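Chain and residue survey
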Amino acid sequence: MSKYRLDYLDHLESEAIHIMREVAGQFERPALLFSGGKDSITLVHLALKAFRPGKFPFPLVHIDTGHNFPEALEFRDRLVEKIGERLIVRKVEDTIKAKQLTEPKGKFASRNALQTYTLLDTIEEFKFDACIGGARRDEEKARAKERIFSVRDEFGQWDPKLQRPELWNTYNGKIHKGENVRAFPISNWTELDVWNYIRREKIELPSIYFAHEREVIEHEGQLVAVSEFIRLDDTDRVVVKKVRYRTVGDMTCTAAVESSATTIDDIINEITATKTSERGETRIDDKVSEAAMEDRKKNGYF
Amino acid sequence: MDLLRFITAGSVDDGKSTLIGRLLYDSKSIMIDQLAALEKQSKNKELGEIDLALLTDGLRAEREQGITIDVAYKYFSTPKRKFIIADAPGHIQYTRNMVTGASTADLAIILIDARNGVVEQTRRHSIITSLLQIPHVVVAVNKMDLVNYSQDVFNNIVIDYAEVARSLELKDVTYIPISAVHGDNIVEKSSKLAWYEGPSLLRFLEEVEIQKDINLTDARFPVQYVIRPQTPELHDYRGYAGKIISGIYRKGDVVTVQPSGLQSTIKAIELGGKEVEEAFAPQSVIIHLEDDIDISRGDIIVKTDNQPKLSQELEVFLCWMDNKPLVPGNKYWLQLNSRVVRSVVKNIEYKLDVNTLQKEYGVTSAGLNDVIRATIKTASPVPYDTYKSLRENGGAILIDETSHVTVGACMIQ
Ligand SMILES: Nc1nc2c(ncn2[C@@H]2O[C@H](COP(=O)(O)OP(=O)(O)O)[C@@H](O)[C@H]2O)c(=O)[nH]1
Ligand SMILES: [Mg+2]
């Protein structure tokens, strides 16, 4: 009966498509949160499989911090154009102005935390009742406990103690007015699974995922790209290194890794050999406290 | 490479978290920075060496109390398989969490402390394993180091557990002596347990045959979403999107849609944008029918010669999962795959003691973590299979109409 045996990537793919279609079937106004990184690009690929030849039953929504890699933005626009779907962009910059928020200061002043305000405003503006996101449970310990359909209250807050039991492949999307659900179709994928899937499906990615020369400074063992968004001090030594990005977030809070990987195969080899987790190696914002992610999620973060 | 989902069950301190930490550690799924965080925390807690259990206890309350509260999902892979672990807490007040973790598991690892043998919790975890019909069971006798790696101790536990397995009709049970802390028989076979002839735990997890657990006989396709582009080029396109939860579908199959009973024939099947001759569980596909009949989300497309049962009255084992007690006569939504119907729990036949299997008759309500045998009446007919014959179409959840919370798990009998 080996003819009817599926590879683990097929299992993961089918599960993700099933989850997306549950969102489409259960909600009136869903959205797909698109960050421009490999996980959300994978989500778009899965959505194509789930809904073509129909249109997506949701727009793509990008919460733009203004600190993006230009390569990621170009890629975003090209992708949206190619698939002919609707993109909504809301800028953290505008939220800061409208709400008179205080910009964080410091060397790598990150707008990561301010994103939450823009996200919640956007949810409110469009009355989204479900937001599909690309979070994975292997990323972080608090995520490991989050449901695939994760209910957030009016303030976008996640309460880990009040999570609904989630049984079989049955997702309860019933909510009250004002609440919304964050749905995570690739919850059960690991970083390596995503890369293997990208290789198998030949999914295109922004160029910064591959090795390229870049001006960086070394800060506490991490390589941070020189850009207008970070403050250079006299003690910083700017060097040109061959690097790639393992995750693509803001230029202020995503570190590069030294690499000579120019193909997906190279990247997979490097990841298989690496000894540091994706977040640990590349996130400048997660080291603050052991419970950093749990706290941010409770406050409405993705 | 395929995919195995398993759950670990054991009493507090039997070594569940340590075992999972060990599997992740020895399969090199833990990264340096995660280890560094662990070391830091272990020191914070003055435990001396790194405490592998901290890897799975992700919420602050869990770390503070040193216990596992919620189900945590963990991942690792070997060249043979990808593994998804549901780490569920063992205490009776977390029965619902174990039920949740068990619902998708292909295999349960039931941990027994070699010093204590089969205890009440072992029975409870086994009863839940049997209720949720987890196809494979590994009894991991842990802390063998504390009983001098004694074969007699192990054999006696095997004899005791075999009785439990027999009474619960557990089909496939494998016994492995281990020491999670020292890594004996986890990845490599241990020389300290030379008398044991079976495989190490990881080797067993890699090799246990799970393909035959997928039912390829009873074809079931719950419709999730109807794709109708309604563009000029695709004016007549009407595809039913869903996941084949069991069985095989082929072009030309004569099918019936339930609960309407309407019949048609499969005109085409699309998989990932390409037309295919056949598709099978658990693939997500789009099915096209020859006839223009009324089908929407919540309907199920089955083969006309192999149909599910259809009823408005369901006999269930129901695990209650809400703090608010179940009161017979209250109304709930019942969700079975994509179908949601209003329902009422009509009658509680008895309450099942999950420690002893004893039946308590005459109960009038059920509280958090209770398992009861009950009758549910639904507002419209539900196409279902018994949970025992087809897990994928026999497990339903109950949702509170006012709080919208998932309050119960039903295994249809
Ligand atoms: N001697 C010994 N101690 C163990 C073994 N496995 C776990 N332990 C210890 O038992 C205690 C409880 O383990 P833990 O993994 O937290 O148990 P859990 O409550 O089932 O998750 C910890 O102090 C572990 O170090 C073992 O095989 N041998
Ligand atoms: Mg534990």
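Residues numbered from 1 in each chain as written. Chains lettered and ligands numbered in written order. Predicted model: local features only at pLDDT ≥ 70, side-chain atom pairs only at ≥ 80, totals over all residues.

1. A short note on the overall build of chain B
In plain terms, the rule: Helix and strand assignments come from DSSP, with helices taken as H or I runs of at least 4 residues and strands as E runs of at least 2, each series counted from the N terminus. Only the C-alpha atoms count toward the radius of gyration. The rule for a globule is 2.2 Å times the residue count to the power 0.38. Our exposure labels follow a C-beta count within 10 Å of each residue's own C-beta, placed from the backbone: buried means 20 or more other C-beta atoms, exposed means 12 or fewer, and partly exposed covers the counts in between. Throughout, a residue-residue contact means that the two C-beta atoms, derived from backbone geometry, are no farther apart than 7 Å.
Each helix and strand in chain B was counted, giving seven helices and 22 strands. Its C-alpha atoms give chain B a radius of gyration of 24 Å, within 12% of the compact-globule value 22 Å for 413 residues. Counting only C-alpha atoms and orienting by the principal axes, one finds that chain B spans roughly 70 × 55 × 40 Å. A total of 413 residues make up chain B; the buried ones form 50% of that total. The long-range share in chain B, meaning contacts at least 24 apart out of those at least 6 apart in sequence, stands at 69%.

2. A closer look at the site of ligand 1
All names here are of chain B. What counts, and what does not: Nearness here is judged by the C-beta atom: place it from the backbone, and if it falls within 6 Å of a molecule or strand, the residue counts as near that partner. All amino acids are sorted into three groups, where Ala, Val, Leu, Ile, Met, Phe, Trp, Tyr, Cys and Pro are nonpolar, Asp, Glu, Lys and Arg are charged, and the leftover types, Gly among them, are polar.
Gly15, Lys16, Ser17, Thr18 and Val181 are the nearest of the 17 residues found near ligand 1. Here the shell around ligand 1 gets three residues from one element, more than from any other, and that element is helix α1 (residues 16-26). Residues belonging to the shell around ligand 1 are distributed by class as follows: five nonpolar, seven polar and five charged.

3. Brief notes about the sheet that holds strand β5 (residues 136-142) of chain B
Residue and element names in this part refer to chain B. Basically, it comes down to this: Any two strands between which DSSP finds at least two bridges are classified as paired. As a rule, the C-alpha atoms of each element are fitted with a line to give its axis, helices using only the stretch in contact, and angles between N-to-C directions run from 0 to 180 degrees.
Strands sit in the order β2-β3-β1-β4-β5-β6 across an open sheet of six strands; the sheet is mixed. Each edge of the open sheet is held by one strand with a lone partner, namely β2 (72-77) and β6 (172-177). Strand after strand, the sheet turns through a mean of 25° between neighbouring axes, direction not considered. Of the pairings in the sheet, the one linking strand β1 (residues 2-9) to strand β3 (residues 81-87) comprises seven bridges and is parallel in character. Each bridged residue has a counterpart across the sheet, and for Leu3 the counterpart in β3 is Lys82.

4. A few points about the sheet that holds strand β3 (residues 87-91) of chain A
Residues and elements named next belong to chain A. Ordered in space as β3-β2-β1-β4-β6-β5, the six strands form an open sheet in which the pairing is mixed. Pairing within the sheet leaves two strands with one partner each, and these edge strands are β3 and β5 (149-152). Ignoring which end each strand starts from, the neighbouring axes of this sheet average 30° apart. Inspection of the sheet shows strand β1 (residues 30-33) paired to strand β4 (residues 130-132) by three bridges, in the parallel sense. Residue pairing in the sheet places Ala31 in a bridge with Cys131 of β4. Against the sheet, helix α5 (residues 115-126) makes contact with β1, β2 (60-64), β3, β4 and β6 (180-183), and its axis sits at roughly 145° relative to β2, the strand it touches most.

5. Observations regarding the confidence of the model for chain B
Short version of the rule: What pLDDT expresses is the predictor's confidence in each residue, scored from 0 to 100.
Summary statistics for chain B give a mean pLDDT of 90 and a share of 90% for residues scoring 70 or more. Contacts of residues 44-49 of chain B to residues separated by more than four positions or lying in other chains number three contacts, the stretch itself having pLDDT below 50.

6. Comments concerning the interface of chain B and chain A
The interface is formed by 52 residues belonging to chain B together with 47 residues belonging to chain A. When residues of the side of chain B that touches chain A are assigned to their parent elements, the largest contribution, five residues, is made by helix α2 (residues 32-44) of chain B. Looking at the side of chain B that touches chain A, its residues break down into 24 nonpolar, 18 polar and ten charged.

7. Describing the pairing of β3(A)
Residue and element names in this part refer to chain A. Threshold: Orient the strands so they point away from the viewer, and a crossover whose first-strand-to-second-strand path over the helix runs clockwise is right-handed.
Taken together, the five bridges between β2 and β3 define a ladder with parallel strand orientation. Its bridge partner being in β3, Asp64 is matched across the sheet by Lys91. As for the winding sense of the linkage, the β-α-β connection from β2 through helix α3 (residues 70-83) to β3 is right-handed.

8. What to know about α1(B)
Residues and elements named next belong to chain B. By the criterion of burial, α1 is predominantly enclosed, with ten of the eleven residues buried. Residues of α1 that are buried include every one of Lys16, Ser17, Thr18, Leu19, Ile20, Gly21, Arg22, Leu23, Leu24 and Tyr25, and no others. Next to the buried residues of α1 lie β1, β2, β3, β4 (107-113), β5 and α7 (201-207).

9. Describing the pairing of strand β7 (residues 212-219) of chain A
Residue and element names in this part refer to chain A. Where β7 and strand β9 (residues 239-245) come together, five bridges link them in antiparallel fashion. The partner of Glu213 across the bridge, within β9, is Lys242. Summarising the sheet, β7 and strand β8 (residues 222-225) pair through four bridges and their orientation is antiparallel. Following the sheet pairing, Glu218 is matched in β8 by Leu223. Taken together, β7 and the strand that follows it, β8, pair antiparallel across an intervening segment of two residues, in which Glu220 is found at a positive phi of about 45°.

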